[in-house]
Amino acid sequence: MKKAELMDYDKALELFEPVLGFEVHVELNTKTKMFCGCANEFGQGANTNTCPTCLGLPGGLPQVNAKAIESSIRLGLALGCEIAEYSRFARKNYFYPDTAKNFQTSQYDEPIAFNGQLTIELESGRLVTVDIERAHMEDDAGKLTHVGGATGRIQGADYSLVDYNRGGVPLVEIVTQMIEGGEADSPEIGRTYVAAIREIVKALGVSNARMEEGNVRCDANVSLRPRGSNVLGTRTETKNVNSLRSVERAVRYEIQRQAALLHAGGTITQETRHWHEDTGITSAGRPKSDADDYRYFPEPDLVPVAPSREWVEELRATLPEPPAARRKRLQAEWGFANLEFQDVVNSDLLDVVEATIAAGAAAQAARKWWTGEVARLANASGVSADSLVQPAQVAALIELVVAGTLTDRLARQVLEGVIGGEGTPLEVVESRGLAVVSDDGALIAAIDEALAAQPDVLAKIRDGKVQAAGAVIGAVMKAMRGQADAARVRELVLERAGAAE
Amino acid sequence: MTNVIKLSAADLSGLLVERSISSVEVTQAHLDQIAAVDTGVHAFLHVAGEAALAAAARVDARRAAGEVLGPLAGVPIAIKDVLATIDMPSTAGSKILEGWIPPYDATVVRRVRDAGLILLGKTNMDEFAMGSSTEFSAYGPTHNPWDYDRIPGGSGGGSAAAVSSFEAPLALGSDTGGSIRQPAAVTGSVGVKPTYGGVSRYGSIALASSLDQVGPVTRTVLDAALLHDVIGGHDPLDSTSLTDTWPSMAAAARAGLADGALTGVRVGVIKELSGDGFQAGVAQRFTETLTLLSAAGAEIVEISAPSFEYAIAAYYLILPAEASSNLARFDSVRFGIRVNPEDGPLTSERVMAATRDAGFGPEVKRRIILGTYALSAGYYDAYYGSAQKVRTLIQRDFDAAFSKVDVLVSPSAPTTAFKFGEKMADPMAMYLNDVTTIPANLAGVPGMSLPMGLAPEDGLPVGLQIMAPAKMDARLYSFGAAVEALLEASWGHTLLSRAPELARREMFAGTATSTAFTSTEGAV
């Protein structure tokens, strides 16, 4: 895949105004699929979660998942949408082997939610309000695996396998209005918008919101309008951009690519484009015209969805605090500096830090442990930090450190034990027979004695002359008959003397 | 004892319950009849003799053990091939599903099994229920037991022919625009299209989702009611299934036999469904039936339903539109036959195209093309949109009519059974055959066809169609049973007792299109 000619980003912005639009697909985490009783689970054996309905067998009929309707309404409300009094499913007809019925059961002109707004805050503090055109319900397609060929794509493959486990999983597609005026912030708007959607669906609990598992997928529409023109340019739709960073990169890439092409007198083809995570480029997919004819018509196998106003209000009352407001509140409550707080948010640790603090830990300690040691261990084993250890355990660990039972170094060992499944921090301390703790006790007694015996040295250490500690260390090593770790002794001497290194 | 196969399901039920006959005997008698006459009739695409006898033996054993079973337990039934059956091929009369055995039972099939009925096999039909003659079956047409040179109606010609040739006392059919009622009319049997949503469609291979309805095909109104009671009622697997609690249709049919059941009943005659365009003998029998009804105390009221004029046009937009989408799933990926293109690359699109080209017959292709066109951008409003508006107008015509009368009546079909080939070259002529039955599907109201005599000019059965307001299926049965009794009393016999005795032939080679009966003219 060749990298296209790109224009310098600043120059592109000088010549053109980017216009954006996003379609975000959110996979709902209902127990069962959108239109049948099959389990909605990720990672099962191929085609095990299937039935006549989601396999599109002759005679199969859909039944609407009430929980999916509820989740869609809550999501619509959280996006500031109006909820339709009367909403219908429609068939979107097209032939593709991952679509068992050869039509997608979606919504067309009568979506469940419409006319919403979402205000996002960029790193600069700039607020951008994104208008939401609609949020509609539909079923997901199955998963195709193309076997043979070099690219893993359908072109050149020997054959393709279809797994319909994902077929029929409930989706909500959130469609924005055109976003104009993004200017140089456009790529960041893309990332921040998708991050905000992700945060909202997580806060609502309606989706697992794991982008790497495809729970949240973004199609990014980008077009360029020459400065001074009021005619919209031709747009491209970059499909399935599956990480926040990629959204930002893909938008930026398209701006630079389209600008170079337009500037050289070329034209943009209205098409879908594939995002390549590894090379950071997009490549042409299939042509997509506004005249694509999906022959939509109201789904005759389903009755209309007409949520009562009472129900909608009941659901509105269950909405959690909007994530952006919650972040503001928590940062103020915890007294974190902007960078500290961003670190927590960007590492996706807000919930666990909050839970750890709720379990009794001091805010800074909770932050330090999660963004530090836990994140490091998680990173090393390639899993998410919140899947490694419970907030309550981290809080318990912090409590042991505060109580002086553990030093930071020991606490790190205990954390490894907790993660290794050895039990609670207290249990790990006991089961590992952390003799070091009692040794420390003996050491500390010897150190305190040595420091008391040499008050002048103590004063020097407190004045910052840490090299003076040597005299005390020597005395302690002697008292311990050499059976102590000199480095540890030094650490403890400084700690007991209250010196900062 | 009397010939078992000539007994109604209700009579068989009585004998089975009192154990004066076994289900195995009843089942064997019907299998024997199938073996003897189906080479000529060709009502069945699949006969499950062994499984039927085994199921019958189980019912007998349960009854012998003192278990109290439902009224139809042990009674054989034939199943239209449009319904998914876990143990028999389900082809909907199409090549594209040749040999396909579904991994599940349709809800109605499940209910029939649970009620202890004995499944004899699957009956022939026009491919995907598109047709009025079974001539569009990929497996050859079914022959009308009254005259082998004539069509048995369609699409459910197999089910109607099975009951009228005494191969089965009961059958299941499906009715999208008359596929139960028109075959019943031309074979002298009884067929009911229930209220839309009254019977589950789950497992019924969809033609047009908003029109399809599964229903009973029988020889008597009471038998239809007994079967309706088994298959009807809410099914959570069908979102369009009504949640209403239904009265017993059998009780309603029996109530129709009470003295004076017709007194004061307001019977609407639809002006637009009488007069011109009906075969003389059909019109004559209809008029005579109205006279009988009047004499029995019913009040005959002429009703105008002006929008019915547009019913066929609307129907032939809505049906193909929905069908074009419903039939998209036949793509060779998950089930059914797979055909590779003769040359060129084997892409999924090309394999789909080759499979659909080879697997679908001409009428199916015609309707898919029509429907695809009707749904296309720029045409949707003019075609599908307008058709839906007509549908609303037709529903209003029904509402207005039923504010004045209790039931509506018309001939079930404009003509008696026509000859094979007569309308094959002219799709419009075939479509017009459904003029009487289509309005009920468009409005979702229940309809019934029962025999009202033989046309004098050809000696072939003529059907009376009765329609009732939505959800008033019980009224259909009580009125229908009363009319049936009235007509039979006037004749002194049942209509089907005048059906020709079918030649009992063992399997023979070649196609069976010759006339294979002894008499046709019954002065009814």
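What you see is a predicted model; the values in this text were computed from it and never measured. (Residues numbered from 1 in each chain as written. Chains lettered and ligands numbered in written order. Predicted model: local features only at pLDDT ≥ 70, side-chain atom pairs only at ≥ 80, totals over all residues.)

For the rest of this paragraph, the subject is the overall build of chain B. Counting its regular elements, chain B contains 16 helices and eleven strands. Since a compact globule built from 524 residues should have a radius of gyration of about 24 Å, the 22 Å found for chain B is in line with a globular shape. The dimensions of chain B, computed from C-alpha atoms along their principal axes, are 70 × 55 × 45 Å. (Helix = DSSP H or I, 4+ residues; strand = E, 2+ residues; numbered from the N terminus. Rg over C-alpha atoms; globule rule 2.2 N^0.38 Å.)

Following the UniProt record, the feature "domain: Amidase" (unreviewed entry) maps to residues 25-476 of chain B here. In the segment residues 25-476 of chain B, helix accounts for 38% and strand for 13%; the C-alpha atoms at its two ends are 33 Å apart. (UniProt positions renumbered as here; feature names shortened; annotations may be inferred.)

Right, let's talk about the interface of chain A and chain B for a bit. Of the residues lining the interface, 27 residues belong to chain A; the matching set on chain B comes to 36 residues. Considering only residue class, the side of chain A that touches chain B consists of 17 nonpolar, five polar and five charged. (Contact = placed C-beta atoms within 7 Å. Nonpolar A, V, L, I, M, F, W, Y, C, P; charged D, E, K, R; others polar.)

Once that is clear, we can look at the domain arrangement of chain A. Each assigned domain of chain A is listed with its residue range as follows: domain 1 (9-140 + 169-314), domain 2 (321-433) and domain 3 (436-497). Once you take the C-alpha centre of each, domain 2 of chain A and domain 3 of chain A turn out to be 31 Å apart. (Domains from an automatic or database assignment.)

The biggest cluster of nonpolar side chains holds 171 residues, and the ones touching the most others in it are Val75, Ile77, Leu120, Ala225, Ile318 and Val407 of chain B. Setting aside its immediate chain neighbours within four residues, valine 407 of chain B contacts Val265, Val267, Gly268, Ile466, Met467, Ala468, Arg475 and Phe479 of chain B. One finds Leu13, Cys54, Val130 and Val206 of chain A within the second-largest nonpolar core, a separate group that totals 69 residues. (Core = buried A, V, L, I, M, F, W, Y, C linked by C-beta atoms within 7 Å. Buried ≥ 20, exposed ≤ 12 C-beta atoms within 10 Å, placed from the backbone.)

Attention now moves to the sheet that holds strand β14 (residues 297-298) of chain A. All names here are of chain A. Taken in spatial order, the three strands make up an open sheet running β4-β3-β14, and their pairing is antiparallel. Each edge of the open sheet carries a strand with a single partner, namely β4 (103-106) and β14. For strand β3 (residues 90-93) and β4, the ladder comprises four bridges, and the chain directions are antiparallel. When the bridges of β4 are listed, alanine 90 appears paired with serine 106. (Pairing = 2+ DSSP bridges.)

Residues and elements named next belong to chain B. For methionine 467, the position within the fold is in strand β11 (residues 461-467). Distance from methionine 467 to glycine 447, taken between C-alpha atoms, is 4.4 Å for residues 20 residues apart in sequence. Not counting residues up to four positions away in its chain, the partners in contact with methionine 467 are Val407, Leu408, Ala440, Val445, Pro446 and Gly447.

Glancing now at the sheet that holds strand β5 (residues 113-121) of chain A. Within a sheet, each strand pairs with its neighbour through backbone hydrogen bonds, oriented either parallel or antiparallel. Residue and element names in this part refer to chain A. The strand order β2-β5-β6-β9-β1-β10-β11-β12-β13 describes an open sheet built from nine strands, whose pairing is mixed. The open sheet terminates on both sides in strands that have one partner only, identified here as β2 (82-83) and β13 (281-287). Inspection of the sheet shows strand β6 (residues 127-139) paired to strand β9 (residues 170-176) by seven bridges, in the antiparallel sense. Opposite alanine 135, over in β9, you have isoleucine 174 as the bridge partner.

Once that is clear, we can look at helix α6 (residues 323-334) of chain A. Compared with the 16 Å implied by 1.5 Å per residue over twelve residues, the 16 Å span of α6 of chain A between its first and last C-alpha is a close match. Among the residues trailing α6 of chain A, glycine 335 of chain A stands out with phi positive, at a value near 70°. (Expected span 1.5 Å × (residues − 1).)

Let's shift gears to the packing of helix α9 (residues 280-295) of chain B against helix α16 (residues 473-491) of chain B. All names here are of chain B. Running from amino to carboxyl end, α9 crosses α16 at an angle of 105°, the nearest separation of the two axes being 11 Å. Considered as vectors, α9 and α16 are oriented roughly perpendicular to each other. The segment α9 lies against α16, with Thr289, Leu292 and Leu293 engaging Val483, Leu486, Leu487 and Ser490. Broken down by class, the residue content of the contact of α9 with α16 amounts to five nonpolar, two polar and no charged. (Axes fitted to C-alpha atoms, helices over the stretch in contact; angles between N-to-C directions. Parallel < 35°, antiparallel > 145°, perpendicular 65-115°, else oblique.)

Residues and elements named next belong to chain B. End to end, helix α11 (residues 348-359) covers 16 Å across twelve residues, agreeing with the expected 16 Å (1.5 Å per residue, within 8%). Residues of α11 that are buried: Met352, Thr355, Arg356 and Gly359. Viewed along the axis of α11, the buried residues span an arc of 95°, placing them on a single side of the element. (Arc of directions from axis to C-beta.)

The next subject is the UniProt feature "active site" (unreviewed entry) in chain B. Residue and element names in this part refer to chain B. Within this numbering scheme, the UniProt entry marks Lys80, Ser155 and Ser179 as carrying the feature "active site" (unreviewed entry). Of the residues just listed, which span 100 residues, no C-alpha pair is farther apart than 10.8 Å, and they cluster in one region. By the element assignment, serine 155 lies in the loop between β3 (118-123) and α5 (157-164). Its 35 C-beta neighbours within 10 Å are what place serine 155 among the buried residues. Residues in contact with serine 155, not counting those within four places in the same chain, are Met125, Asp126, Ala129, Met130, Gly131, Thr134 and Ser179. When you line up the elements, serine 179 lands in the loop between β4 (170-174) and α6 (181-187). Using a count of 37 C-beta atoms within 10 Å as the deciding quantity, one classes serine 179 as buried. Those residues in contact with serine 179 that lie beyond four places of it in its chain are Ala129, Gly154, Ser155, Gly156, Gly173 and Ser174.

Turning our eyes to something else, we now look at the pairing of strand β10 (residues 216-226) of chain A. Residue and element names in this part refer to chain A. Extensive coverage of β10 is indicated by the burial of eight of its eleven residues. Relative to strand β11 (residues 236-241), β10 runs antiparallel, the two sharing four bridges. Paired with cysteine 218 across the two strands is valine 241, which belongs to β11.

Here we take up the pairing of β3 of chain A. Note that β3 of chain A and β14 of chain A share two bridges and pair antiparallel. Residue pairing for β14 of chain A: arginine 91 of chain A is matched across the bridge by phenylalanine 297 of chain A.

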